[in-house]
Amino acid sequence: MMMAEKYDAPDLTFKSIYYGNKTTPQDLRIFLYRGASAANFRTAVQRIVDGNFGEILSERISLVTQIHDYLNTKIIGGGSHGSLITAIRRLREFFSWADENSSQINLNSIEEIFIDWSEFLIARNRARMGPAEIHSYQSVVAVGKILTEVLELETSLISKTRFRRPKNTKKILGPELEKKSLQEIFEFGHALCDVSNALTNDVVKGPLPIVINFRDGKIYENWLRLKAEESLKYLHQPRRRSSKKKMLERREAIIADFSYENRSPIINLRIEAELLIFISQTGMNLEQAFKLQNSRFRYSSYLDGYQVHRVYKGRRQGEVSFEIFSEYREKLEKYLIWRNEFFPEDEDGLLFPLIRPNNNQNMAPSFSALTALCKKIGIKLVRARALRKTRINWFLRQSKNDALTAEMHSHTEQTLIRHYETPSLHMAIVEVANFHTTSEFSPLAPSPGLCARGPSSPQKIASAPEESTPPDCISPAGCLFCVHQRDIDSPDHVWSLATYRHLKSVEIASFRPSSKRGQPHPAFAAIERLTAKLDVFSESDVTRQNWVREARLKVEEEDYHPRWKGFLLLAESKI
């Protein structure tokens, strides 16, 4: 009887990542055992060692090893720890489904199994079961991209599925909601500045409670890991004197402890606030900003702000690290002084060195200190992505230049519009109004009505009679035959048309034609044009018909429109 060959699991961890004492290292061995990918990640590896998931699936070793090589190359090449965690989470979804369906995963079958998984997700989305459709799409894209690279396929695996990106219907904010959103962001920004200004070196190392007075009148007290005195029951309840004394001594010892570890909650609060202020000013994403190294910085003027250079020992010049507005320089320099006072032995460490129990600086901060603060004072927490998005939209609206805004924030125009631009009803109204202002410029015309283009490009209509006065932006009669002339839907305009027609009639009455003249007087063409306009008004509806009737009665009663009254009196005096 032949014995089954045993395989040892290869090392599938990521050596280039630093882990804290309490952080579970990422390990792809969970994909080599059936059911391990669906287990709790923190305990899965130990359960593998304990034999809870049975024997290793040898047919998967080659595939999982190549997936590990691909992800490890990404990390060594500068990829973020957060991106690795996301990729492994998506892979766990795929392998968990495959294990539930008893799929035999290997290099030859993985493509077909991936397509089957995508069909399962499509069916689940249609039944409206499980996570949102966009989550399924992102999972398929992430896993498909990894497998496409691992299998060295010329055509992306995603293109072989029926998955299409869900329609991203952007939410359009009305004026009230847009105003409320901006108010929340400004309120949060003011709170960040108040935290930054309040938590000086002396305050952080001072007596408890640490108090922050906000500009809107709110007050925040922080007792670090202690409870406020008024909430302590043992101070107000009868106890043995020795017991109460011990509790008070223990409390006083904590209050008198000025070590960074003990004061870390309040130190982290300021660092988190400074980090978000920095992101809002520079436009950096969180992944880049929290990994910035501290240094001696040099400022060089650039546009309306500064380019900030890292200065290296023995070099006068340094690389440009980021750009800031001129108003932010003073605040940044104050923070740098504060930071170096608290971390004098780590001057070349992180620019925003959060104090963490496991000392893991690879993971982006969760802003737990700011979250607690915002909850306490009753304001909305605005995270880094939302701040950056607000900054991008502000630049976009100020510059009205997609290409410039995209370049300033290191995006393509397509990415900017698809993922960052927020539709604004207010801006849409302004743009529509500007369009009509430029394309339908309507000053008063020489004739009754308005001009759509202004005195710049008169153009005769095709149906104008040969004897009609040519348009020249001066003669009222010529203006009647210009393509840019516009009528006004009002009784005053109808009165003006009727009065001007009477003026042209008086002009004909005073005219003495020459025997050599072959063409009729241009006023005849003007009268016909004016009569046609009045007929259109009269035939449109009853209201406008009454306007025309009233205008004709006024003219018969010699109640002329003020615009033409002086010309009529002069013309009638010559008859």
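Residues numbered from 1 in each chain as written. Predicted model: local features only at pLDDT ≥ 70, side-chain atom pairs only at ≥ 80, totals over all residues. Heavy atoms only, no water.

What to know about the overall build of the chain
Next up, step 1: The helix and strand inventory of the chain stands at 21 helices and seven strands.
Next up, step 2: Buried positions account for 41% of the 575 residues belonging to the chain.
Next up, step 3: Nonlocal contacts in the chain, meaning residues at least 24 apart in sequence, comprise 61% of its contacts between residues at least 6 apart.
Next up, step 4: As displayed, the chain offers around 33200 Å² of accessible surface, 52% of which is attributable to carbon and sulfur atoms. (Helix = DSSP H or I, 4+ residues; strand = E, 2+ residues; numbered from the N terminus. Buried < 20%, exposed > 50% of the residue type's maximum accessible area, 1.4 Å probe, protein only. Contact = heavy atoms within 4.5 Å. Areas by Shrake-Rupley, 256 points an atom, 1.4 Å probe, with all protein chains shown as cover.)

A closer look at helix H5 (residues 133-151)
Next up, step 1: Taking 1.5 Å per residue as the helical rise, H5 with its 19 residues ought to reach 27 Å, and the 27 Å between its terminal C-alpha atoms agrees with that figure.
Next up, step 2: Of all the positions in H5, only Ser 136, Tyr 137, Ser 139, Val 140, Val 143, Gly 144, Ile 146, Leu 147, Thr 148 and Val 150 are classed as buried.
Next up, step 3: Where H5 is buried, its residues touch helix H2 (61-76), helix H3 (81-100) and helix H4 (110-126). (Expected span 1.5 Å × (residues − 1).)

Let's talk about a negative patch on the surface
Next up, step 1: On the surface, Glu 345, Asp 346, Glu 347 and Asp 348 cluster together to form a negatively charged patch.
Next up, step 2: Position of Asp 346 relative to the elements: it lies in the loop between helix H11 (329-342) and helix H12 (368-377).
Next up, step 3: Overall, the relative accessible area of 33% leaves Asp 346 in the partly exposed class. (Patch = residues over 30% accessible without salt bridge, like charges linked within 9 Å, V, L, I, M, F, W, Y side chains within 5 Å. Salt bridge = Lys/Arg side-chain N within 4 Å of Asp/Glu carboxyl O. Lys, Arg positive; Asp, Glu negative; His and termini not counted. Charge placed at Lys NZ, Arg CZ, Asp CG, Glu CD.)

Considering H4
Next up, step 1: Compared with the 24 Å implied by 1.5 Å per residue over 17 residues, the 25 Å span of H4 between its first and last C-alpha is a close match.
Next up, step 2: On its buried side, H4 packs onto H2, H3 and H5.

Some details on the pattern of salt bridges
Next up, step 1: The tally for this structure, following the rule as stated, stands at 20 salt bridges.
Next up, step 2: With a closest N to O distance of 4.0 Å, Asp 99 and Arg 34 form a salt bridge. Of this pair, Asp 99 sits in helix H3 while Arg 34 sits in the segment before helix H1 (41-49), and the two are 65 residues apart along the sequence.
Next up, step 3: For Asp 99, a relative accessible area of 10% corresponds to the buried category.
Next up, step 4: A residue is classified by how much of its surface remains accessible, and Arg 34, at 29% relative accessible area, is partly exposed.
Next up, step 5: Each of Arg 34, Arg 60 and Asp 99 takes part in one network of salt bridges that share partners.

Overview of the confidence of the model for the chain
Next up, step 1: Mean pLDDT over the chain works out to 82, with 86% of the residues at or above the 70 mark.
Next up, step 2: In the model of the chain, helix H8 (residues 241-255) stands out as the element of lowest mean pLDDT, 69, in contrast to helix H20 (residues 542-556), which has the highest, 93.
Next up, step 3: For the stretch residues 1-5, pLDDT sits under 50, and the model shows zero contacts to residues farther than four places along the chain or on other chains. (pLDDT = per-residue confidence, 0-100.)

Concerning the side chain of Arg 124
Next up, step 1: Within the secondary structure, Arg 124 is located in helix H4.
Next up, step 2: One buried charged residue, Arg 124, forms no salt bridge at all, with the nearest opposite charge on Glu 93 at 5.7 Å.
Next up, step 3: A distance of 3.3 Å separates polar atoms of two side chains, one belonging to Arg 124 and the other to Ser 136. (Polar contact = N/O pair within 3.5 Å; in protein donor to acceptor, adjacent residues only side chain to side chain.)

Considering the environment of Ile 267
Next up, step 1: If you trace the backbone, Ile 267 turns up in helix H9 (residues 260-282).
Next up, step 2: Separated by 63 residues in the primary sequence, Ile 267 and Val 204 have C-alpha atoms spaced 7.1 Å apart.

So, the packing of aromatic side chains
Next up, step 1: In total, this model carries 15 aromatic pairs according to the counting rule given.
Next up, step 2: On the basis of an interplanar angle of 75° and a centroid distance of 5.5 Å, the ring pair of Phe 94 and Phe 95 is categorised as edge-to-face.
Next up, step 3: The class of Phe 94 is buried, set by a relative accessible area of 0%.
Next up, step 4: Clustering of aromatic rings is evident, with ring pairs tying together Phe 278, Phe 297, Phe 322, Tyr 335, Trp 338, Phe 342 and Phe 352.
Next up, step 5: Of note, Arg 329 hangs over the ring of Tyr 306, and the distance from its end group to the ring centre comes to 5.0 Å.
Next up, step 6: Across the ring face of Trp 495, the terminal group of Lys 554 is positioned such that the distance to the ring centre comes to 4.2 Å. (Phe/Tyr/Trp six-rings, centres within 6.5 Å; stacked < 30°, edge-to-face > 60°. Lys NZ or Arg CZ within 6 Å of the ring centre and 35° of its normal.)

Details of the nonpolar core
Next up, step 1: Phe 188, Leu 269, Leu 276, Phe 278 and Phe 322 are the most contacted members of the largest nonpolar core, which totals 58 residues.
Next up, step 2: The element that contributes the greatest number of residues to this core is H9, accounting for ten residues.
Next up, step 3: With residues up to four places along the chain from it excluded, the contact list for Phe 278 reads Gly 283, Met 284, Ala 289, Leu 292, Phe 322, Tyr 328, Leu 351 and Phe 352.
Next up, step 4: Membership of the second largest hydrophobic core comes to 46 residues, among which are Leu 28, Leu 91, Ala 98 and Val 140. (Core = buried A, V, L, I, M, F, W, Y, C linked by side-chain atoms within 4.5 Å.)

Looking at the pairing of strand S1 (residues 210-213)
Next up, step 1: Taking every second residue as pointing to the same face, the buried face of S1 carries Ile 210 and Ile 212, while none of Val 211 and Asn 213 on the other face is buried.
Next up, step 2: Of the pairings in the sheet, the one linking S1 to strand S2 (residues 219-222) comprises four bridges and is antiparallel in character. Among the inter-strand pairings, Ile 212 is bridged to a residue of S2, identified as Tyr 220. (Pairing = 2+ DSSP bridges.)

Considerations on the side chain of Asn 72
Next up, step 1: Relative to the elements of secondary structure, Asn 72 occurs in helix H2.
Next up, step 2: Beyond its immediate sequence surroundings of up to four residues, Asn 72 is in contact with Phe 14 and Ser 16.

Here we look at unusual backbone geometry
Next up, step 1: Note the cis peptide between Leu 208 and Pro 209, where omega equals 0°.
Next up, step 2: Along the chain, the position of Pro 209 falls in the loop between helix H7 (201-204) and S1.
Next up, step 3: For Cys 473, which is not glycine, the phi torsion reads 65° and is therefore positive.
Next up, step 4: You can see Cys 473 is positioned in the loop between strand S6 (450-451) and helix H17 (476-479).
Next up, step 5: Given a relative accessible area of 30%, Cys 473 falls into the partly exposed group.
Next up, step 6: At Glu 558, a residue that is not glycine, the phi angle is positive and equals roughly 60°.
Next up, step 7: Within the secondary structure, Glu 558 is located in the loop between H20 and helix H21 (562-573).

Regarding the environment of Ala 44
Next up, step 1: Position of Ala 44 relative to the elements: it lies in helix H1.
Next up, step 2: Here the alpha-carbon distance between Ala 44 and Arg 29, two residues 15 residues apart in the chain, equals 9.2 Å.
Next up, step 3: Among residues more than four places away in sequence, those in contact with Ala 44 are Ile 30, Ala 36, Ala 39 and Phe 53.

Section: the packing of helix H18 (residues 491-509) against H20
Two packed helices can be described by the angle between their axes and the distance between those axes.
Next up, step 1: Running from amino to carboxyl end, H18 crosses H20 at an angle of 45°, the nearest separation of the two axes being 9 Å. With respect to their mutual orientation, H18 and H20 come out oblique. In the packing of H18 onto H20, the handedness of the crossing is right-handed. On H20, the residues that touch Pro 491, Val 494, Trp 495, Ala 498, Thr 499, Arg 501 and His 502 of H18 are Trp 547, Val 548, Ala 551, Arg 552, Lys 554 and Val 555.
Next up, step 2: A per-class count over the contact of H18 with H20 returns eight nonpolar, two polar and three charged. (Axes fitted to C-alpha atoms, helices over the stretch in contact; angles between N-to-C directions. Parallel < 35°, antiparallel > 145°, perpendicular 65-115°, else oblique. Left-handed = near helix turned anticlockwise from the far one by under 90°. Nonpolar A, V, L, I, M, F, W, Y, C, P; charged D, E, K, R; others polar.)

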